[in-house]
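# Overview (structure and organization)
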Amino acid sequence: MSNLLLQVKDLRTYFYTGKTITRAVDGISYDVHEGETVALVGESGCGKTVSSLSLIRLVSYPGRITGGQVLFDGKDLLQLSEEEMRHVRGRQMAMVFQEPMTSLNPVLNIGEQIAEPLRVHLRMEHKATYQRVTELLHTVGISDAERRYHDYPHQFSGGMRQRVMIAMALSCSPKILIADEPTTALDVTIQAQLLDLMTGLARRLDTALILITHNLGIVARYADTVNVMYAGRIVESGRADTIFEQPKHPYTLALLQCVPRIDLGQLTRLSTTEGLPPDLGHEIIGCYFRPRCPFRLGRCFQEYPPLTATDNQHYYACFNPR
Amino acid sequence: MNDSLIEVKNLKMYFPIFAGLLFPRKVDELKAVDGVSFSIRRGETLGLVGESGSGKTTVGLCLLQLYRPSAGEVLYEEKNLVRMKGKELRRMRRKMQMIFQDPYGSLSPRMTAADIITEPLRIHHLIPYTDYSKRVEELFSLVELNLHLANRYPHEFSAGERQRVGIARALAVSPEFIVCDEPVSALDVCVQAQIISLLEDLQAKLNLTYLFIAHDLAVVGHISSRVAVMYLGKICELGQRNQIYQNPLHPYTRALLSAVPVPDRAAEKARQRIMLKGDVPSALNPPSGCNFHPRCPIANQACEEASPSLEMKEPEHWVACWRA
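Now for a look at the structure at hand. (Residues numbered from 1 in each chain as written. Chains lettered and ligands numbered in written order. Predicted model: local features only at pLDDT ≥ 70, side-chain atom pairs only at ≥ 80, totals over all residues.)

This brings us to helix H7 (residues 158–170) of chain A. Residue and element names in this part refer to chain A. Here H7 is 13 residues long and its end C-alpha atoms lie 19 Å apart, about the 18 Å a rise of 1.5 Å per residue gives. In terms of burial, H7 is largely enclosed, as 12 of its 13 residues are buried. Looking at H7, one finds that the buried residues are Gly159, Met160, Arg161, Gln162, Arg163, Val164, Met165, Ile166, Ala167, Met168, Ala169 and Leu170. Looking at the buried side of H7, the elements it contacts are strand E6 (93–96), helix H3 (100–103), helix H4 (110–122), helix H5 (126–139), strand E7 (176–180) and helix H8 (188–205). (Helix = DSSP H or I, 4+ residues; strand = E, 2+ residues; numbered from the N terminus. Expected span 1.5 Å × (residues − 1). Buried ≥ 20, exposed ≤ 12 C-beta atoms within 10 Å, placed from the backbone. Contact = placed C-beta atoms within 7 Å.)

Residue and element names in this part refer to chain B. Pairing is antiparallel across the open sheet formed by four strands, whose spatial order is E2-E1-E4-E5. A single partner strand is all that each edge strand has here, and the edge strands are strand E2 (25–41) and strand E5 (79–80). Helix-sheet contacts for helix H1 (residues 56–63) involve strand E1 (4–19), E2 and strand E4 (71–76), and the interaxial angle to E1 is about 115°. (Pairing = 2+ DSSP bridges. Axes fitted to C-alpha atoms, helices over the stretch in contact; angles between N-to-C directions.)

This paragraph deals with the interface of chain B and chain A. Where the parts come together, the accessible area they lose is often given as the size of the interface. Contacts between the two partners involve 34 residues from chain B and, on the opposite side, 39 residues from chain A. Looking at the side of chain B that touches chain A, the elements that each hand over two or more residues are helix H6 (189–206), helix H7 (217–223), helix H8 (241–246), helix H9 (251–259) and helix H10 (265–270) of chain B. With six residues, the single largest contributor to the side of chain B that touches chain A is H6(B). Residue classes in the side of chain B that touches chain A are distributed as 19 nonpolar, eight polar and seven charged. (Nonpolar A, V, L, I, M, F, W, Y, C, P; charged D, E, K, R; others polar.)

With that settled, the discussion passes to the nonpolar core. Membership of the largest hydrophobic core comes to 191 residues, with the highest contact counts inside it found for A:Leu177, A:Ile210, B:Leu211, B:Phe212 and B:Val229. Here A:Ile210 is in contact with A:Val32, A:Val38, A:Leu40, A:Ser52, A:Ile176, A:Ile178 and A:Ala179, once residues within four sequence places are set aside. (Core = buried A, V, L, I, M, F, W, Y, C linked by C-beta atoms within 7 Å.)

Residue and element names in this part refer to chain B. Considering the arrangement of structural elements, one finds Glu176 in the loop between helix H5 (159–171) and strand E7 (177–181). Along the primary structure Glu176 and Asn207 are separated by 31 residues, whereas in three dimensions their C-alpha atoms are 7.4 Å apart. Contact partners of Glu176, with chain neighbours within four places excluded, come to Leu5, Lys95, Leu208 and Thr209.

Residues and elements named next belong to chain A. Overall, mixed pairing links the eight strands, which are arranged E6-E7-E8-E3-E9-E10-E12-E11 in an open sheet. One side of each edge strand has no neighbouring strand; the edge strands of this open sheet are E6 and strand E11 (308–310). Taken over all neighbouring pairs, the strand axes of this sheet differ in orientation by 20° on average, direction set aside. In this sheet, strand E12 (residues 314–316) lies alongside strand E10 (residues 233–239) in antiparallel orientation, the contact comprising two bridges. Considered in E12, the bridge of Glu236 is made with Tyr316.

This is the structure in structure tokens:
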């Protein structure tokens, strides 16, 4: 196994709204190794986006990172000053967001936007920047780069915009690329193109990829390790092969069974899990998945199950694993 | 084909494009749907898949006459809806309802769930006013919603519950046919499974016929008995569910299916992938000949010149491709 690059330890991000405290991320830990693709999976509201924003400290008011450590290259990112953090963002860790339209500046042409991190972080000269940007545009599959340099975001299709985002994120060859639902808004054929492009480039640049998605198919296709999140916590984690072959946590099982699959014949019925994830604004005693869990025990009502390890780095938080 | 409930013949929907400030004149046409024919049998689910901009929603709206098609026929029990208007059409609408993608956008924020559900009853004067509460009760139990939610407003519901309200509204007038336009694409996977199962139960219980429009091939494959694949306003392949999913003949269908990742490591590694180049072309300026040829991995000269029409390659399996 390659070198450990990023270590997230017991990270907590809470939102303080009025009297309630919403525990959006409540003590998650995982590792990212060099060049590896790590997936964070879960339903909406399970804290996957907030946890990734916490890594690069972009959580805004009323959210606050209240505990834990994010160790990157031996430094705790949560202890850095805002100035030092600016050197990490975009340079060491970059992010691709879900909505390419809202995350690009509509009044700047895309060439300028891709050039910005190059000027800021690498202090590149004007001419070199231009050359590097056209190169990048070419790498992400935008043909006619010299002309497209001067185009504005609205002149690009959704897939092309996301390519621009990828070019921007990879412009400074970061060590870690965080992709937050990068293709959810796009059509399947474009989705496949982009994910192949992104994982291919990441491999070539030896960039680790943190892939946030709710689509288990994407996880199966691209991830090396998987962290399944539920209600602000990681309920199961391990190598992708292990998770897909022997899921231990009932929630992972439910996720895998409730999606229809195209490679099998027509099933008579999908297995459904009733109910919804809990409201994180209230204190919950016991396992968070308990109300929806078909395998719950008496113990599940009293305490939150600790992470249990099996062989080959497979962890799960359940008293009654499958 | 006498068992068909709906027959669509050569349906076309062109949207005019105007230019000029003072004297706008028609400069172009957007061919959203360009010559689509299919039939839907009573009690079946026809799935309609395609990428965004392929015209699948427009087909759905044309069936219900929410858009008046530019050309073609929509026969409902052999009556042509395209020629109908006014009272006659309204009477037909009672038999055809729609479920929308975005339950939040399609429910009035100022009406309670009970008001929303009874509005179709008021419009069609189906039952006396005094029976409304009983009907609401029935509908709520049909869509498995708790009756104490009846006086709540849409914003108080979860996404899944909201979609159930949308379904209850469609069911209020006891329709025979429902157009489901991306009914689950805005929902989380677990909720998605609940709503799909509900739609299946309702179909069995009330003998409904669905046109199920979605971009998610897995969902369409799960619920449909037959599937039509659309690309740039045309149907490129139409057949039984298993024909389309296990033996796709059109190169677009093959690419589309291979692009969908499967949540299974072993199966995913073993699968053959076909990667399409480029974006979907604009419907304003579609390519010559077969509209798929610029992205097609097996296109040749013939494909650039003439557009193929749907041909039956095996029983019930229709493909529009020169090279299939």
